[in-house]
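# Understanding the architecture of this molecule
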Amino acid sequence: MDASDLPDPEGISPLAWRLLRVAAGYEQRAVEREIDDLMQAHLSMLESGNRSLSRPRRETLLELYAAELTAEQVWAIVDHF
């Protein structure tokens, strides 16, 4: 999926972030291993809505998840959750 096909990471809800991760087949620790300088605690805060990541980190995270999903799956999760 091309980056231009992805939703704006600013508009993704905490629940949608968690569902994207799970749908892409990642556990929080696996994401931590895939993306440098991203810790499990950062994901927990993003997915709980307590805190957000920087835009570049959210873009990287979204690209990681989108690599495992179809555009339709990504948009369905973002649009409905």
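Residues numbered from 1 in each chain as written. Predicted model: local features only at pLDDT ≥ 70, side-chain atom pairs only at ≥ 80, totals over all residues. Heavy atoms only, no water.

### Side note on the packing of aromatic side chains
Using the following cut-off: Side-chain rings of Phe, Tyr and Trp, where Trp is taken by its six-membered ring, are said to pair if the distance between their centres is within 6.5 Å; with planes under 30 degrees apart they count as stacked, over 60 as edge-to-face, and otherwise as tilted. Numbered from the N terminus, helices here are DSSP runs of H or I no shorter than four residues, and strands are runs of E no shorter than two. Think of it in three bands: with a 1.4 Å probe and only protein chains considered, a residue is buried below 20% of the maximum accessible area for its type, exposed above 50%, and partly exposed in between.
For the coordinates displayed, the defined rule picks out 2 aromatic pairs. Judged by centre distance (6.1 Å) and plane angle (40 degrees), the rings of tyrosine 26 and tyrosine 65 are tilted. Of this pair, tyrosine 26 sits in the loop between helix 1 (14-23) and helix 2 (28-34) while tyrosine 65 sits in helix 4 (residues 55-66), and the two are 39 residues apart along the sequence. Taking the relative accessible area as the measure of exposure, tyrosine 26 reaches 13% and is therefore buried. Linked through ring pairs, Trp17, Tyr26 and Tyr65 together constitute an aromatic cluster.

### Quick notes on the nonpolar core
We count it as follows: We call a set of buried residues a nonpolar core when its members are Ala, Val, Leu, Ile, Met, Phe, Trp, Tyr or Cys and they connect through side-chain atoms within 4.5 Å of each other. The contact criterion used throughout is that any non-hydrogen atoms of two residues lie within 4.5 Å.
In terms of nonpolar packing, the biggest core is built from 23 residues, with Trp17, Leu20, Val31, Leu61 and Tyr65 touching the most fellow members. Within the residue set of this core, elements represented by two or more residues are helix 1, helix 2, helix 3 (40-48), helix 4 and helix 5 (71-80). With 5 residues, the single largest contributor to this core is helix 4. Each residue touching leucine 61, except ones within four places of it in the same chain, is listed here: Trp17, Val31, Ile35, Leu38, Leu43, Leu46 and Leu53.

### Here's the deal with unusual backbone geometry
One can expect most non-glycine residues to show negative phi and most peptide bonds to be in trans. The backbone of aspartate 37 sits at a positive phi, close to 65 degrees, despite the residue not being glycine. Relative to the helices and strands, aspartate 37 is located in the loop between helix 2 and helix 3. Among the residues examined, aspartate 37 registers a relative accessible area of 62% and is labelled exposed.

### Some details on the pattern of salt bridges
Where we set the bar: We count a salt bridge whenever a side-chain nitrogen from Lys or Arg sits within 4 Å of a carboxyl oxygen from Asp or Glu.
If you walk through the whole model with that rule in mind, you get 6 salt bridges. For aspartate 8, the salt bridge identified is with arginine 55, shortest N-O distance 2.9 Å. Residue aspartate 8 is found in the segment before helix 1, and its partner arginine 55 is found in helix 4; the two are separated by 47 residues along the sequence. Using a relative accessible area of 41% as the deciding quantity, one classes aspartate 8 as partly exposed. A relative accessible area of 34% places arginine 55 in the partly exposed class. For arginine 29, the salt bridge identified is with glutamate 32, shortest N-O distance 3.2 Å. Note that arginine 29 and glutamate 32 are positioned in helix 2 at a spacing of 3 residues, about one turn of the helix. Looking at glutamate 32, the relative accessible area reads 26%, which means it is partly exposed. Three or more residues joined by partner-sharing salt bridges are found here, namely Asp8, Glu10, Arg55, Arg58 and Glu59.

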